[in-house]
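# Coordinate inspection notes
The lines below spell out each chain.
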Amino acid sequence: MSKKKNNGVNIRSGMDKDSLREDIKLHLRHTLAKDEYSTTNWDRYKSVALTVMDRLNDRMLNTQQHFYKSDAKRVYYLSMEYLIGRLLDNMLVNLDVRDIVAEALDEVGLDYEDIREHEWDAGLGNGGLGRLAACFLDSMATLGIPAIGHGIRYDYGIFYQKIQNGYQVERPDLWLKYGNPWDIVRPKVQYPVEFYGNQGTVNSSNGNVHYKWENTHRVKAVAYDTPIPGYDNGIVNYLRLWKAESSAAIDLKSFNQGQYIDAVRDNQLEENISRVLYPNDKVFVGQELRLKQEYFLVSASLQDIIRRFKKMSSDFTKLPEKVSIQCNDTHPNLAIPELMRYLLDEEHMDWDKAWDITKNTMAYTNHTLMPEALEKWPVSLMRNLLPRHLHIIYEINRRFLNDVKIKLGDDKNRLSRMSIVGEGENPVVHMAHLGIVGSRKVNGVAALHSRLLKESMFKDFNEMYPDKFTNKTNGITPRRWLKQCNPKFSELITKHIGDDWITKLDELKGLNKLADDKEFQKAFADIKVENKKRLADYIKENNNLDVDPNSMFDIQIKRIHEYKRQLMAALHVITLYNRLKENPDLDIAPRTVIFAGKAAPGYTMAKLHIKLINSIGEVVNNDPDVSDKLKCVFLQNYSVSLAEKMIPAANLSEQISTAGMEASGTGNMKFALNGALTIGTLDGANVEIKEEVGDDNIFIFGLEVEDVEQMRREGYNPWNYYNGNEELKKALDQIRDGHFSPENKELFHPIINALLHEGDYFMVLADYEAYVKRQEEVSELFKDQDEWNRKAILNAANIGKFSSDRTIRDYNDEIWQAPEIGELKPE
Ligand code: 26Q
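What counts and how
- Residues numbered from 1 in each chain as written.
- Predicted model: local features only at pLDDT ≥ 70, side-chain atom pairs only at ≥ 80, totals over all residues.
- Heavy atoms only, no water.
- UniProt positions renumbered as here; feature names shortened; annotations may be inferred.
- Pairing = 2+ DSSP bridges.
- Helix = DSSP H or I, 4+ residues; strand = E, 2+ residues; numbered from the N terminus.
- Contact = heavy atoms within 4.5 Å.
- Axes fitted to C-alpha atoms, helices over the stretch in contact; angles between N-to-C directions.
- Near = heavy atom within 4 Å.
- Polar contact = N/O pair within 3.5 Å; in protein donor to acceptor, adjacent residues only side chain to side chain.
- Areas by Shrake-Rupley, 256 points an atom, 1.4 Å probe, with all protein chains shown as cover.
- Nonpolar A, V, L, I, M, F, W, Y, C, P; charged D, E, K, R; others polar.
- Phe/Tyr/Trp six-rings, centres within 6.5 Å; stacked < 30°, edge-to-face > 60°.
- Buried < 20%, exposed > 50% of the residue type's maximum accessible area, 1.4 Å probe, protein only.
- Lys NZ or Arg CZ within 6 Å of the ring centre and 35° of its normal.
- Parallel < 35°, antiparallel > 145°, perpendicular 65-115°, else oblique.
- Salt bridge = Lys/Arg side-chain N within 4 Å of Asp/Glu carboxyl O.
- Core = buried A, V, L, I, M, F, W, Y, C linked by side-chain atoms within 4.5 Å.

With an unreviewed UniProt entry as reference, the protein chain is termed Alpha-1,4 glucan phosphorylase, source organism Gracilimonas mengyeensis. Its UniProt record gives the protein chain the following Catalytic activity (unreviewed entry) comment, quoted word for word: "[(1->4)-alpha-D-glucosyl](n) + phosphate = [(1->4)-alpha-D-glucosyl](n-1) + alpha-D-glucose 1-phosphate". In its Cofactor (unreviewed entry) section, UniProt records this for the protein chain: "pyridoxal 5'-phosphate".

This is the structure in structure tokens:
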């Protein structure tokens, strides 16, 4: 270890202020080649990051050595997305040196808050699923589980969203433009990934015939690691992301100049595999490049996993004892046929043995009940790109359907419903079915969602494998989503109940007794207003709009999707506006309704919803009649770091999806943890949040899953609601007549058509009245600030269940059974 002393200062590993300050200076000069004349704040950010990296690397080596020596079982988390956001603050918090670094910088006249804003968000994910993976990494390291995250190092993360004239415009997110100080490039950790070719046979020495994938085209996967520190426990795991590089050593002698140029150009094409994150999150797009990305992740990761396993053992029957592979949705489910291929073709194992090992190593998490989001890959595509895998999938399916016949009877309809490979003219491979058949456990992400999976989408499978389906309610990391993003509230909590809550979130229950304490309420309220002021400044700077920090901050932030019903919240804004226009003295709590979120670039309706919200804001925010009671804001480019600014400033959290459509939600948990009240439907994890915080401390409204089903069965008619509610009718008429789009009166007709002429699939009109009524109660409560604060504190006090530490412990107890070493003392 590098603990050489330099004037009493521990170079590269000391955690005291002097060592940190000196190393920051050294990195500025010796790594970045900057002096006092040329240094920018970005350089300062980078030198702080590099100083932190020195410490992380040291701990990472110790941790990995420890896991290696103890031959610990490893967990591999496979995900196409990691929405990790900025890392500097997170690293400093987890190393428990944030305050020291801030002081060290202060001593040389620098402002930490200012410097950390220079980091680019790592946006390698779309939304909930990618952020969940990031929270899980934090919790696995904090519990001390030997876990490695595997993903793709996209050159372009989720697009940067600009709002121009009220419309979403997408810009490329070149997050690596200025380099990434958290990268550990491992050019020697590289694996060939093969595509195309055909299935051939080989005769082995013992006379057996084996299959072999041959005549393939190769691409290289190169490893880039990011350290993942646990919270204050000496443990550092890592996230390993694969970058595609061309593998062909260009054979110069056989090329003339033109061929040479072509060959170099084709190499570029191969590198496209890791070029860009697909920006859609709820509809399946069956493009070859996406399938290549998925197999690229799977192939490289499995080679890495197998290499590490083989260092310890050559007995593959031990694989399930030493390795658990968790697939984040179906996206990495090709790992199942890939592991089979390896065991059959490379290890020459017989089918039953290989299948047993595979099934006991794999697990799969489902994140959606929406059929249009399920991955179904055309057989034609797969035959071309992954011919050997397709054969294996067919064989898995043949054996599986046989088993079904034996266990459940020869029911043709059922067999066709359950088949992994569809029939007909354009057959598809059903990745969720493959995941269920090839995994030991399949889980949903909230109690309601997991129940619905068993009762509806995977009913047949649940009858076939009654012990396979399980629930693992999602969680969020309290480090980022309270300690980091809301330091003042964190300090207040710690002052009263100590700091155990940071790793044992249930300890927040200690706040229950303080909810009635006037002094505590006041302290809580002051912090909330301070956070709101900061957000108000941000709104002023970005949207040039003044909002009142004492008004209720009513926030809906998530991807823009019809099922999440931003439209319903927009209709509520219009209703409040109309009420205030009719009666300017109306006694309602002043509100600032704030939205943020990205729409998939091809999702025209969602993009029109963004435009509608901005158009409503135009009218409302410029009308002096209502200006002290109502504002409507859309903040551009929702991201992890914007969430960190918005969530601590929220009074009201909007979780209003059509019942049965939001698998879990995790934003709902972040808001409650930061002392916001929820208005929501009984959907996803809202159900469990209600159980925890109590019916009196959450505003539940609207149709429940069974109501939605019943209405769909019996025939739902949105016109009844339109004709039955004057205010709803007025709001819809205004949208239709161009009240919010005077320059193009028909602009929002597609929205009206969807609601009135195309059946209002998401039942916005059916829930409108109950929603508006509940919002009136919200408004009344907000007028009683003491009572509001009491309930807000009770939300924070009783939200402990939703720590991702609990979620990960649940996964580990039931599925992985890996060690949890808790902490690692420095050597
Ligand atoms: C699939 C194929 C091709 C291209 C893209 C995709 C794709 C990408 C992302 C499909 C789905 C996603 C993301 C889904 C997602 O974020 N689901 C959310 O997961 C959260 C964590 O479990 C839940 O809280 C949310 O309820 C759920 O919507």
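## Notes on the sheet that holds strand β22 (residues 630-635)
The strands that make up a sheet pair up through hydrogen bonds in the backbone, lying either parallel or antiparallel. Overall, parallel pairing links the six strands, which are arranged β22-β21-β20-β23-β24-β25 in an open sheet. The open sheet is flanked by β22 and β25 (699-700), the only strands paired with a single partner. Here strand β24 (residues 677-680) runs beside β25; their pairing, made up of two bridges, is parallel. Following the sheet pairing, glycine 680 is matched in β25 by isoleucine 700. Lying over the sheet, helix α20 (residues 518-543) contacts β20 (552-557), β21 (591-596) and β22, oriented at roughly 70° with respect to β22. Each of β20, β21 and β22 is contacted by helix α21 (residues 566-582), which is oriented at about 155° to β21, the strand it contacts most.

## Here's the deal with the site of the ligand
With respect to spatial proximity, 20 residues lie near the ligand, and among them Asp281, His367, Asn474, Glu662 and Gly665 are the closest. Within the backbone of alanine 663, an N or O atom sits 3.3 Å from an oxygen atom of the ligand. A total of 610 Å² of accessible area belongs to the ligand in isolation, and the protein chains cover 96% of it. Examining the composition of the shell around the ligand, we find that three residues originate from one element, helix α6 (residues 128-143), more than from any other. Residues that form the shell around the ligand fall into these classes: seven nonpolar, seven polar and six charged.

## What to know about the packing of aromatic side chains
Enumeration according to the criterion identifies 23 aromatic pairs in this entry. Relative to phenylalanine 136, the ring of tyrosine 77 lies with its centre 5.8 Å away and its plane at 75°, an arrangement referred to as edge-to-face. Placement of the pair is tyrosine 77 in strand β3 (residues 74-78) and phenylalanine 136 in helix α6, with a sequence separation of 59 residues. The pair formed by tyrosine 77 and phenylalanine 136 is uniform in burial state, with each residue classed as buried. On the basis of an interplanar angle of 35° and a centroid distance of 6.1 Å, the ring pair of phenylalanine 458 and phenylalanine 469 is categorised as tilted. On the criterion of sequence distance, the pair formed by phenylalanine 458 in the loop between α16 (447-457) and α17 (459-464) and phenylalanine 469 in strand β19 (residues 469-471) is long-range, its members being eleven residues apart. Put simply, the rings of Phe400, Phe458, Phe461, Tyr465 and Phe469 pair up and form one aromatic cluster. The ring of phenylalanine 553 has lysine 532 sitting right over it, with the charged end atom 5.0 Å from the ring centre. Of note, lysine 670 hangs over the ring of tryptophan 481, and the distance from its end group to the ring centre comes to 4.3 Å.

## Quick word on the environment of isoleucine 11
Tracing the chain through its elements places isoleucine 11 in the loop between β2 (9-10) and α1 (17-31). On the basis of relative accessible area, isoleucine 11 is assigned to the partly exposed category, the value being 24%. Once the C-alpha coordinates of isoleucine 11 and aspartate 23 are considered, the two residues, twelve residues apart in sequence, prove to be 6.7 Å apart.

## Description of the UniProt feature "modified residue: N6-(pyridoxal phosphate)lysine" (unreviewed entry) in the protein chain
Feature annotation in UniProt places "modified residue: N6-(pyridoxal phosphate)lysine" (unreviewed entry) on Lys670, given in this structure's numbering. Structurally, lysine 670 is set in helix α24 (residues 667-673). Residue classification places lysine 670 among the buried positions, given a relative accessible area of 7%. With near-sequence residues (within four places) excluded, lysine 670 lies in contact with Arg131, Ile476, Trp481 and Ile647.

## Looking at the pairing of strand β7 (residues 160-164)
Walk down a regular strand and you will see the side chains alternate between the two sheet faces. Bridge count between β7 and strand β8 (residues 167-171): five bridges; the pairing is antiparallel. Of the residues in β8, the one forming a bridge with tyrosine 160 is arginine 171. Remark: two residues form the turn of the hairpin made by β7 and β8, two consecutive strands paired antiparallel; asparagine 165 in that turn has positive phi of roughly 55°.

## Focus on the packing of helix α30 (residues 764-783) against helix α31 (residues 785-797)
Two elements in contact, α30 and α31, have axes whose closest approach is 5 Å; the angle formed by their N-to-C orientations is 110°. Considering their axes alone, α30 and α31 lie roughly perpendicular with respect to each other. Residues Val778, Leu781, Phe782 and Lys783 of α30 touch α31, and the partners they reach there are Gln785, Glu787, Trp788 and Lys791. For the contact of α30 with α31, the per-class residue count stands at four nonpolar, one polar and three charged.

## A word on the pattern of salt bridges
Using the criterion set out here, one finds 75 salt bridges in the structure. Salt-bridge contacts for arginine 341 lead to glutamate 338; the nearest nitrogen and oxygen are separated by 3.0 Å. Highlighted residues: arginine 341 and glutamate 338, both in helix α10 (residues 335-346), separated by three residues, approximately one helical turn. By relative accessible area, arginine 341 is classed as buried at 9%. By relative accessible area, which is 4% here, glutamate 338 ends up buried. One network of salt bridges, with partners in common, ties together Lys17, Asp18, Arg21, Glu22, Lys25, Glu103 and Glu107.

## A short note on the nonpolar core
Nonpolar side chains in soluble globular proteins tend to be buried together. Counting residues in hydrophobic clusters, the biggest one holds 259 residues, and the most contacted among them are Met140, Trp182, Phe296, Met382 and Phe400. In contact with phenylalanine 296, other than residues within four places in its own chain, are Ile152, Val193, Phe195, Val219, Lys220, Ala221, Trp242, Lys243, Ala244 and Ile273.

## Considerations on the environment of glycine 715
With respect to the element layout, glycine 715 can be found in the loop between α26 (705-714) and α27 (718-724). Remark: the alpha-carbon pair of glycine 715 and glycine 759, spanning 44 residues in sequence, is separated by 9.5 Å.

## Section: the sheet that holds strand β14 (residues 323-328)
If you walk across this open sheet you meet the nine strands as β9-β12-β13-β6-β3-β14-β15-β18-β19, and the pairing is mixed. This sheet does not close on itself; its edge strands, each paired only once, are β9 (184-195) and β19. Along the sheet, successive strands turn relative to each other by an average axial angle of 25°, direction set aside. As paired strands, β14 and strand β15 (residues 362-365) are joined by four bridges and run parallel to one another.

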